[in-house]
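Below, each chain spelled out in residue letters.
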Amino acid sequence: MTEDNRPLAVFDLDNTLADTAHRQRYLERKPRDWDAFFAAAPQDPPLAPGVELALASAEECEVVYLTGRPERCRADTEEWLARHGLPSGRIWMRRNDDRRPARRTKLEILRGIARKREIRILVDDDELVCEEAKRAGFNVHRADWATTSAPLKDAQEREGRT
């Protein structure tokens with residue numbers, strides 16, 4: 001089997017593979033400091049359960065990434081994945097001006113991917129993303145191994161930022 005026809009394992013980044021705890025403080029102030037929040041992403045420590053699941057998934061699937069991070073974070077994100085030994089794979093990112101809730105943007109992208117490829121699993125920490133994906137018929141594994149602050153949850157849903 002070539003990599004092009006293997007099923008996909010789709011992984012979120014923040015609080016699934018990357019621990020954002022050290023930068024969530026930028027979202028606790030008013031106004032939220034999104035530039036600082038995303039600028040600190042390269043310092044995220046990896047989350048062992050997520051990394052282990054991605055590496056195990058790579059045995060049977062092509063690992064790809066679906067994140068709410070804006071497109072302007074692409075270079076930092078690619079470097080972070082490589083530095084932490086994660087499988088190289090396509091990264092779908094939010095347009096810089098897209099402020100829709102993560103559950104909407106991610107489901108739209110998932111449906112587009114699924115028209116061309118089999119998605120074996122979606123791994124994401126966002127409860128609302130997971131619920132929407134399950135309702136749409138996707139196999140979902142909720143990443144529950146990181147601590148997410150209330151401001152981050154609110155930002156994902158109301159501000160469409162990650």
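Residues numbered from 1 in each chain as written. Predicted model: local features only at pLDDT ≥ 70, side-chain atom pairs only at ≥ 80, totals over all residues. Heavy atoms only, no water.

Trainee: Teacher, can you tell me more about the overall build of the protein chain here?
Mentor: Each helix and strand counted, the protein chain has six helices and five strands in total. When the elements of the protein chain are put in sequence order from the N terminus, they spell out β-α-α-β-α-β-α-β-α-β-α. By residue count, 50% of the 162 residues in the protein chain fall in the buried class. Counted over contacts in the protein chain with a minimum sequence separation of 6, partners at least 24 positions apart contribute 72%. By element, 47% of the accessible surface of the protein chain is carried by carbon and sulfur atoms, the whole surface being about 8000 Å². (Helix = DSSP H or I, 4+ residues; strand = E, 2+ residues; numbered from the N terminus. Buried < 20%, exposed > 50% of the residue type's maximum accessible area, 1.4 Å probe, protein only. Contact = heavy atoms within 4.5 Å. Areas by Shrake-Rupley, 256 points an atom, 1.4 Å probe, with all protein chains shown as cover.)

Trainee: Would you mind showing me how to read the environment of Ile119 here?
Mentor: Relative to the elements of secondary structure, Ile119 occurs in strand E4 (residues 119-124). Taking C-alpha positions, Ile119 is 9.3 Å from Arg6, a pair spaced 113 residues apart along the chain. Apart from the residues within four sequence positions on either side, Ile119 is in contact with Leu8, Val10, Leu110, Ile113, Ala114 and Phe138.

Trainee: Honestly, the pattern of salt bridges in this entry has me stumped. Any pointers?
Mentor: The tally for this structure, following the rule as stated, stands at 19 salt bridges. A salt bridge links Arg100 to Asp98; the nearest nitrogen and oxygen atoms lie 2.8 Å apart. Exposure remark for Arg100: the relative accessible area of 30% places this residue in the partly exposed category. Two residues, Glu118 and Arg120, come together in a salt bridge whose shortest N-O distance is 4.0 Å. Classification of Arg120 as partly exposed rests on a relative accessible area of 34%. Through salt bridges with shared partners, a single ionic network connects Asp14, Arg23, Asp44 and Arg69. (Salt bridge = Lys/Arg side-chain N within 4 Å of Asp/Glu carboxyl O.)

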